[in-house]
Amino acid sequence: MSRVQQVLWELEIDYLGHPYYVTGNAIYHAIGQRLDADTTRRLNASHGMFVPGQFGTFPEEHSKSGTKPYLGSSLPEVNAYDDLFLFREPSSPWLLDGQPRDALNTHPVRTQHGQPAFAPETIMGRPDDHRYDTQTTTWYIHAYLHADDPDVLPLDQATLDGLQFGGQRNYGYGRTQVKDTQLIELDALDYSRLRDREAYTLTFITPFVLRSEYPSTNDVDVPWWWAVDEEATLRYREERIVEGADVFRCETVDHGQVVGYSGDRPLETTKNAITRVESHSKYGFGEIRVRPIADHHQRGGRALASVGCGEVS
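Residues numbered from 1 in each chain as written. Predicted model: local features only at pLDDT ≥ 70, side-chain atom pairs only at ≥ 80, totals over all residues. Heavy atoms only, no water.

All right, on to the nonpolar core then. One recurring pattern in soluble globular proteins: nonpolar side chains tend to sit buried together. W9, I27, I31, L43, L145, L155 and F165 are the most contacted members of the largest nonpolar core, which totals 33 residues. Elements with a minimum of two residues in this core: β1 (3-11), α1 (24-32), β2 (43-45), β9 (134-147) and β15 (246-253). Element by element, the count of residues in this core is highest for β9, at 5 residues. Setting aside residues up to four positions removed in sequence, F165 forms contacts with W9, Y15, V22, A26, I27, A30, I141, Y173, G174 and T176. Core analysis: the second largest hydrophobic core is formed by 32 residues, Y144, L194, F208 and Y261 among them. (Core = buried A, V, L, I, M, F, W, Y, C linked by side-chain atoms within 4.5 Å. Buried < 20%, exposed > 50% of the residue type's maximum accessible area, 1.4 Å probe, protein only. Helix = DSSP H or I, 4+ residues; strand = E, 2+ residues; numbered from the N terminus. Contact = heavy atoms within 4.5 Å.)

The next thing to look at is empty space enclosed by the protein. A full pass over the atoms with the stated rule returns 2 cavities of 30 Å³ or more. Considered as a void within the structure, the largest cavity measures approximately 60 Å³ in volume. Taken together, V4, Q6, L84, F85, R88, Y144, I274 and E287 form the lining of the largest cavity. By residue class, the composition of the lining of the largest cavity is 5 nonpolar, 1 polar and 2 charged. Quantified by volume, the second largest cavity comes out at close to 50 Å³. (1 Å grid on protein atoms, 1.4 Å probe; cavity = no way out; pocket = protein on both sides within 12 Å on 5 of 7 lines; lining within 4 Å. Points joined across faces, edges and corners; volume = space filled by probe spheres on them. Nonpolar A, V, L, I, M, F, W, Y, C, P; charged D, E, K, R; others polar.)

All quantities given are derived from atomic positions and should not be read as evidence of function.
If you want it as structure tokens, here you go:
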């Protein structure tokens, strides 16, 4: 069976790094410093998504239902394919609508050594008639690991605890502690929601690399199984992979976009895309979520929607 290990880290000290996620490259190298070279080569790491430790409700497509206190501060059991993506979307759709979602989902930024940094907590004021005058939201980082050798996983807590991400690590910034972890057998999940549907969409959870300066990598074109015609406009983003003093630029299709699916093997595509596809999948790029739709609304293959952020370097 193919397996992944989900990890939820609690952010303890301000994080000075990528503004949208902790890159899989950063997670891979942080863990690799605690493993032997052979084990590290077999490891693959997703991007780490920021998760607010707040009350939430399970989305309709999740195998569980109802509201759970501090849903974002632990890893719920994963029984079905859609369960894997509960904490993978930056908009945190699981947050309660009855609370100030936009405020609770906004990571506070403060300056550290002249650089913008993400604080480990969001502190909001309350009305004067409340017993406590502030509400504190702790921030977490959600990621998952998989390995070319199934015996590599799970990694123990000692290996995962106390990792640091981002810049200024020699000053203690970006330090985390493991809050929760669980091992998931992908072949044992329920994929019934995706069977025998007429049409599907693809959501880019992380950027998809087309061209890269990284050594020994192959450039790719927009895949044939994306329903995107010549008139469709995809957003592109420049990403960078940093290894020591070396910086490698990557041209990517920006995350957050939604396109149609024109392939003929949706279940195979679904399972492959969990552990990411194409160049730099080892470092978190190319994570795609497949969703069924009742009717085919692609209108000649145009991108169905476009959400997310603009180009950054």
